[in-house]
Amino acid sequence: MSDTFYLKYRPQTIDELDSDSVRETLGKIVSSGKVPHAFLFYGPKGTGKTSAARILAKIVNCDPPSPRLRKGIEPCNKCYQCTSIIKGSNLDVVELDAASHRGVDEVRVLRDAVKLAPAKAKNKVYIIDEAHMLTPEASNALLKTLEEPPEHVFFILATTNPEKLSETIRSRTFNIAFKKANTEEVVRSIQRVVRREKIKADKETLAIIAKFADGSFRDGAKVLEQLVV
């Protein structure tokens, strides 16, 4: 089964991120050369949190084959680290769904694992989706690691309900808001699919699709896919 449009054409660089505010914020952080070791990405579903997390994972591990690439600003998407992260096979980039790994035992295993050196990459990256689903005990266990993360470890927590996370965890992470996309942002996202799939669609049609997407890049891609299949 082939990937859906949303997965097939998800952003692979900071410049491709469809949210203007997120693109600007992450661009400034990475350009500064001082990437925080713990982030909190929060906002509605389908606004690009996981895509942005994977791009960051590539940036901190990218090993560009060409010196002409702006190393550390955009991932090359060609080296082993980048391609394996895109495929989801990189051993040092771990994605966890807190809805199914929400207990204190799982977090304690994670705390022990972060102490180990990366298998092949320069850094380990833990992407924890729906972080608000962690139990209070698990949150407390995670907090201890967030307070003093090893130099080779980065945490990216993603959630649709940041208010359910403890204030202490939120204060230990660099918070980035992923807001509902506006029409122009959704159209930009859809246009990337339209170009690569060579679909004929005028601006009015794209605007209508964006309206039905209701601020979600994922839903915009889904609506487009339903119309062309």
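Structure report, in brief. (Residues numbered from 1 in each chain as written. Predicted model: local features only at pLDDT ≥ 70, side-chain atom pairs only at ≥ 80, totals over all residues. Heavy atoms only, no water.)

Here we look at the sheet that holds strand E2 (residues 93-97)
At step 1: The sheet built from five strands is open, its strands ordered E2-E3-E4-E1-E5 with parallel pairing. Single-partner strands in this sheet number two, and they are E2 and strand E5 (174-177). Each neighbouring strand pair of the sheet contributes to a mean axis angle of 15°, computed without reference to strand direction.
At step 2: Relative to E5, strand E1 (residues 38-42) runs parallel, the two being bridged by four bridges. Note that in E5 the partner of Tyr42 across the bridge is Ala177.
At step 3: Taken strand by strand, helix H6 (residues 136-147) contacts E1, strand E3 (124-129) and strand E4 (153-159), and its axis lies near 135° from that of E4. (Pairing = 2+ DSSP bridges. Helix = DSSP H or I, 4+ residues; strand = E, 2+ residues; numbered from the N terminus. Axes fitted to C-alpha atoms, helices over the stretch in contact; angles between N-to-C directions. Contact = heavy atoms within 4.5 Å.)

Details of the environment of Lys200
At step 1: With respect to the element layout, Lys200 can be found in the loop between helix H8 (183-197) and helix H9 (203-213).
At step 2: Through-space distance from the C-alpha of Lys200 to that of Ser189 is 15 Å; in sequence the pair is eleven residues apart.

Focus on the environment of Thr13
At step 1: Secondary-structure assignment places Thr13 in the loop between helix H1 (5-8) and helix H2 (20-32).
At step 2: For Thr13, a relative accessible area of 15% gives the class buried.
At step 3: When the C-alpha atoms of Thr13 and Ile55 are compared, they prove to be 6.0 Å apart, with 42 residues separating the residues in sequence.
At step 4: The contacts of Thr13, once residues within four sequence positions are left out, are Ile55, Glu74, Pro75 and Asn77. (Buried < 20%, exposed > 50% of the residue type's maximum accessible area, 1.4 Å probe, protein only.)

Quick look at a nonpolar patch on the surface
At step 1: Judged by side-chain polarity, Leu227, Val228 and Val229 come together as a nonpolar surface patch covering roughly 330 Å² of accessible area.
At step 2: Checked against the element boundaries, Leu227 lands in helix H10 (residues 217-228).
At step 3: Taking the relative accessible area as the measure of exposure, Leu227 reaches 58% and is therefore exposed. (Patch = residues over 30% accessible without salt bridge, like charges linked within 9 Å, V, L, I, M, F, W, Y side chains within 5 Å. Areas by Shrake-Rupley, 256 points an atom, 1.4 Å probe, with all protein chains shown as cover. Salt bridge = Lys/Arg side-chain N within 4 Å of Asp/Glu carboxyl O.)

A few points about the pairing of E4
At step 1: Among the seven residues in E4, seven count as buried, and that is most of the element.
At step 2: Going residue by residue along E4, you find Val153, Phe155, Leu157 and Thr159 tucked away on one face and Phe154, Ile156 and Ala158 tucked away on the opposite face as well.
At step 3: As judged from the five bridges shared by E1 and E4, these two strands associate in the parallel manner. Following the sheet pairing, Ala38 is matched in E4 by Phe155.
At step 4: Note: E3 against E4, five bridges, orientation parallel. In the strand pairing of E4, Ile128 is matched with Leu157.
At step 5: Where the polypeptide runs from E3 across H6 and back to E4, its parallel neighbour, the crossover connection is right-handed. (Right-handed = clockwise from strand over helix to strand, strands pointing away.)

Some thoughts on helix H4 (residues 80-87)
At step 1: Along H4, the residues classified as buried are Gln81, Cys82, Ser84 and Ile85.
At step 2: Among the structural elements, helix H3 (49-59) and E2 are those in contact with the buried residues of H4.
At step 3: The first or second residue beyond H4 is Gly88, which carries a positive phi of 80°.

What about the packing of aromatic side chains?
At step 1: Taken as a whole and judged by the stated rule, the model has five aromatic pairs.
At step 2: Pairing Phe39 with Phe41 gives two aromatic rings, centres 5.7 Å apart and planes at 65°, and the pair type is edge-to-face. Like Phe39, the residue Phe41 is buried in the burial classification.
At step 3: Look at Phe41 and Phe178: their rings are 5.0 Å apart centre to centre, the planes differ by 45°, and that puts the pair in the tilted class. Note that Phe41 is positioned in strand E1 and Phe178 in the loop between E5 and H8, a separation of 137 residues in sequence.
At step 4: Exposure remark for Phe178: the relative accessible area of 2% places this residue in the buried category.
At step 5: Chaining the aromatic ring pairs together yields one cluster made of Phe39, Phe41, Phe174 and Phe178. (Phe/Tyr/Trp six-rings, centres within 6.5 Å; stacked < 30°, edge-to-face > 60°.)

Keep in mind that these numbers describe shape and distance, not what the molecule does.
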